[in-house]
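Read off the chains here:
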Amino acid sequence: MGRSVIWGALALAILWSLTSADMGFEKLPGAGPRLTEFLGRMIPPDISIWPEVLRGLAETLRIAILGTLFAVILSAGLAVLAAETLVPPAIWRPVRGLLAVIRSIPLILVAMLMVGAVGLGPLPGILAITFHATGML
């Protein structure tokens, strides 16, 4: 009985979503030529922009390295506080809860919040990766 209710509710939720989502399937037939034109502009590649591409790749790599480094440092401290064999339950339980909350926030949302807080540039990326990876590590 309980499973039937759950499956019925799931089916109703899917049906409701399909009928009210306004997915715009009428746009699909016209997407082919636009997609072909977009992909056609990629071939042959324009090698004159490679210096800018390489600068962007290097900046992205630096952001990932620094964000991960800071996350490892923070995670090491939080790991001690989250260990039930090292600290009392009044400490490790809230720390584990905090880490679970951090893990539940999508990285893109953290990144948008950091851009709003500190502006554009590498810093919001470093902070977002640090925040998100701390919960994961």
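Residues numbered from 1 in each chain as written. Predicted model: local features only at pLDDT ≥ 70, side-chain atom pairs only at ≥ 80, totals over all residues. Heavy atoms only, no water.

A. Region of interest: the overall build of the protein chain. Within the protein chain one finds six helices and zero strands. Secondary structure elements in the protein chain, listed N-terminal to C-terminal, are α-α-α-α-α-α. For a compact globule of 137 residues, the expected C-alpha radius of gyration is about 14 Å, and the protein chain comes in at 23 Å, more than 25% above that figure. Taken along its principal axes, the extent of the C-alpha atoms in the protein chain is 65 × 60 × 25 Å. (Helix = DSSP H or I, 4+ residues; strand = E, 2+ residues; numbered from the N terminus. Rg over C-alpha atoms; globule rule 2.2 N^0.38 Å.)

B. The packing of helix α4 (residues 89-104) against helix α6 (residues 122-136), seen in detail. For the pair α4 and α6, interaxial distance at closest approach is 8 Å and the crossing angle is 125 degrees. The orientation of α4 relative to α6 falls into the category oblique. Of the two possible hands of crossing, α4 and α6 adopt the one that is left-handed. Between α4 and α6, the contacting residues are Leu99, Ile102 and Arg103 on the first element and Phe131, His132, Thr134, Gly135 and Met136 on the second. (Axes fitted to C-alpha atoms, helices over the stretch in contact; angles between N-to-C directions. Parallel < 35°, antiparallel > 145°, perpendicular 65-115°, else oblique. Left-handed = near helix turned anticlockwise from the far one by under 90°. Contact = heavy atoms within 4.5 Å.)

C. Representation of the confidence of the model for the protein chain. A residue-level look at the protein chain finds 100% of positions with pLDDT of 70 or above and a mean pLDDT of 92. Summarising per-element confidence for the protein chain, the mean pLDDT is lowest in helix α2 (residues 28-40) (86) and highest in helix α3 (residues 50-81) (95). (pLDDT = per-residue confidence, 0-100.)

D. Examining a nonpolar patch on the surface more closely. A cluster of nonpolar residues, Trp7, Leu10, Ile14, Leu18, Met23, Phe25 and Leu28, forms a patch on the protein surface that exposes about 800 Å² of accessible area. Examining the composition of the nonpolar patch, we find that four residues originate from one element, helix α1 (residues 2-20), more than from any other. When you line up the elements, Trp7 lands in helix α1. (Patch = residues over 30% accessible without salt bridge, like charges linked within 9 Å, V, L, I, M, F, W, Y side chains within 5 Å. Areas by Shrake-Rupley, 256 points an atom, 1.4 Å probe, with all protein chains shown as cover. Salt bridge = Lys/Arg side-chain N within 4 Å of Asp/Glu carboxyl O.)

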